[in-house]
Amino acid sequence: MSTVEGDLLHTVEAGSISASRRFWGRSALWLSAIWFMASFVLQAVHELGWTDWGFANWRPVLYAYFIWAAVLCVTRVVIYGEAGKKALFVLPAALFVVSMVVFPLLFALWIGFSDWNLASSAGRRFNGLDNVRRMIADPFYANALLNMILYCLAIAVEYAIAFGLALLLNQEIIARKFWRVTFLVPLMLSPVAVSWMVGKSMLETRFGPIARLARWLGWENPSFFGDPLTARLSIMIMDAWTFIPFMMIMLLAGLQALSREVLEAAEVDGATKWQRFWQVIFPLMLPVSVTAVMIRIIFKLKLADIIITVTSGGPGGATDSVTSFIYREYRDRSNVGYGTLLALVYLVIIVVGMTGLMKISDRIVKRMTGRL
């Protein structure tokens, strides 16, 4: 290791690394980092309109990031030798995630505080908190948030139905495998196909078979999507019909994994069917149930395709979810700035809400299973 060039890329033990090798490694790392940060700050200041100095777009900043990332990976080995090689197993993936998640998030934050309408020739302009004030005063966005709460509460009913079906299909019934496949059919269909098949065809006011049945039962004008209440219920039913099989299959897998010895012991002790369910099966199924409900909530928070296909948020925005509302803000009004801010606020609500919900559910599971 007599020359600096000769030992820079060799992987040696940390104690054998020369001072000059560390110096060159740290110098390269600092130079690339300063270059990257300087280009980022320069472009940000330029975008704010505070100076004419800057790039035409963010591409040079992205190149500076790639160079800094490559230098960072190499200098881990240069500075730390053999120990630095361990970081190379995760560092490229971490840097890729940063570029694919953190940068778009920062860019979205930037757009969220701008007045950017694609239909306007004014382009993108920073407008401070105007979008926030508009969001607070927007009754349609508030209605969409309220709808999301209602849609998520409907998961309790879906869970009860899915649990009942799972218990049924866990019994020795005739053609059990056939029924298991049959109940999974809705899950194989696209929500858009379900929307057209059920929403547009079966519930159609004039010719839909369900509308005709409703008239035969005495409902004079069965307009399922003309009234806010029935429109919301119709959306909930279509969404539930599609995704109940998903919860059912998870719960069924959990039921089949239960210990037979525990169930037989409860039966020998004289427990009734209800006692076996409520005091044995239900507590043991809580971890699976929480997982199924959490995943279902995540699906529900993205609910948009059925609404857009069937009602387009109507009547009067009554059935809008937050996702469909944001989508229509982009598509119909070309409001990129305002729509991006709504999406960011929704992301914060989801992260905070899901974190709180997971803590509460974890505490409930521990209490009911005797681990608290």
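Procedures and definitions
The residue numbering used here restarts from 1 in each chain and proceeds along that chain's sequence as written. Residue-level local features of this predicted model are given only where pLDDT is at least 70; pairs of side-chain atoms are given and counted only at 80 or more, and the full residue set underlies all totals for whole chains, interfaces and linings. Excluded from the side-chain calculations are hydrogens and water; all other atoms, namely the structure's heavy atoms, are used. Only DSSP runs of H or I reaching four residues or more are called helices, and only runs of E reaching two or more are called strands; each is numbered from the N terminus. In this description the radius of gyration comes from C-alpha coordinates, and the expected globular size is given by 2.2 Å times residues to the power 0.38. Only protein chains enter the accessibility calculation, which uses a 1.4 Å probe; a residue whose area is less than 20% of its type maximum is buried, one above 50% is exposed, and one in between is partly exposed. When checking whether two residues touch, look at their non-hydrogen atoms; a contact exists if any pair is within 4.5 Å. Areas reported as accessible are Shrake-Rupley estimates using a 1.4 Å probe. Residue values count occlusion only from the protein chains shown. The charge count treats Lys and Arg as positive and Asp and Glu as negative. His and the chain ends do not count. For this purpose, a charge sits on NZ of Lys, CZ of Arg, CG of Asp or CD of Glu. Put simply, two rings from Phe, Tyr or Trp (the six-membered ring, in Trp's case) pair if the centres are within 6.5 Å, and we call them stacked under 30 degrees between planes, edge-to-face over 60, tilted for the rest. For a Lys NZ or an Arg CZ to count as sitting over a ring, it must be within 6 Å of the ring centre and within 35 degrees of the ring normal. Between N-to-C directions, angles cover 0 to 180 degrees, with each direction set by a line fitted to C-alpha atoms, over the stretch in contact for helices. By the definition adopted for this analysis, an angle is roughly parallel if under 35 degrees, roughly antiparallel if over 145, roughly perpendicular if from 65 to 115, and oblique otherwise. Crossings are assigned a handedness: left-handed for a near helix turned anticlockwise from the far helix by less than a right angle, right-handed for a clockwise turn. Salt bridges, as used here, are contacts in which a Lys or Arg side-chain nitrogen is within 4 Å of a carboxyl oxygen on Asp or Glu. The patch calculation keeps residues exceeding 30% relative accessible area without a salt bridge and links them within 9 Å when they carry like charges or within 5 Å when they are nonpolar (Val, Leu, Ile, Met, Phe, Trp, Tyr).

Engineer: Hey, could you run me through the overall build of the protein chain in this one?
Structural biologist: Helix and strand counts for the protein chain stand at 15 helices and two strands. Computed over the C-alpha atoms, the radius of gyration of the protein chain is 29 Å, more than 25% above the 21 Å expected from 2.2 N^0.38 for a compact globule of 372 residues. With the C-alpha coordinates of the protein chain rotated into their principal frame, the extents come out at 90 × 65 × 35 Å. With 372 residues in all, the protein chain has 38% of them scored as buried. Here the contacts in the protein chain between residues at least 6 apart in sequence split such that 64% fall between residues at least 24 apart. For the protein chain, the accessible area works out to roughly 21,500 Å², and carbon and sulfur atoms hold 70% of it. Taken together, the 33 basic and 24 acidic charged side chains of the protein chain have centroids lying 2 Å from each other.

Engineer: Help me understand the packing of aromatic side chains, please; the structure alone is not making it clear to me.
Structural biologist: Here a ring pair, both rings aromatic, is described through the centre-centre distance and the interplanar angle of the planes. In total, this model carries 21 aromatic pairs according to the counting rule given. A centroid spacing of 4.8 Å and a plane angle of 65° characterise the contact between Y65 and F103, whose relative ring orientation is edge-to-face. Here Y65 is found in helix α3 (residues 59–80), whereas its partner F103 is found in helix α4 (residues 91–112), with 38 residues between them in sequence. A relative accessible area of 3% means that Y65 is categorised as buried. In this structure an aromatic cluster arises from ring pairing among Y159, F163, W274, F277, W278 and F282. The aromatic ring of Y338 is capped on one face by R134, whose charged end is 3.9 Å from the ring centroid.

Engineer: In this structure, what is going on with the packing of helix α2 (residues 19–48) against α3? I would like to understand it.
Structural biologist: Helix-helix packing is characterised by the crossing angle of the two axes and by the distance between the axes. α3 packs onto α2 with a crossing angle of 160° between their chain directions and a minimal axis gap of 9 Å. The angle between α2 and α3 falls in the class roughly antiparallel. Considering how the two elements wind past one another, α2 and α3 form a crossing that is left-handed.

Engineer: Honestly, the pattern of salt bridges in this entry has me stumped. Any pointers?
Structural biologist: Where charged atoms from two side chains of opposite charge approach closely, those side chains can pair. This structure, assessed with the given rule, holds twelve salt bridges. K300 serves as the salt-bridge partner of D239, at 2.6 Å between the closest nitrogen and oxygen. With D239 in helix α10 (residues 228–256) and K300 in helix α12 (residues 273–301), this residue pair connects regions lying 61 residues apart in the sequence. For the pair D239 and K300, a shared accessibility class is recorded, and that class is buried. In this structure, the salt-bridge partner of D320 is R328, at a minimum N-O distance of 2.1 Å.

Engineer: Even after reading the chapter, I still don't get the environment of I173, so can you show me in this structure?
Structural biologist: For I173, the location among the structural elements is in the loop between α6 (139–169) and α7 (176–188). Overall, I173 belongs to the partly exposed group, its relative accessible area being 27%. C-alpha separation for the pair I173 and D269, spaced 96 residues apart in sequence, amounts to 25 Å. Setting aside its immediate chain neighbours within four residues, I173 contacts L168 and W179.

Engineer: Explanation requested: a nonpolar patch on the surface in the structure shown.
Structural biologist: On the surface, F96, V97, M100, V101, V102, L106 and L109 cluster together into a nonpolar patch covering about 630 Å² of accessible area. Along the chain, L106 falls in helix α4. According to the relative accessible area criterion, L106 is partly exposed, its value standing at 41%.

Note that all results are geometric; they support no functional claim without further evidence.
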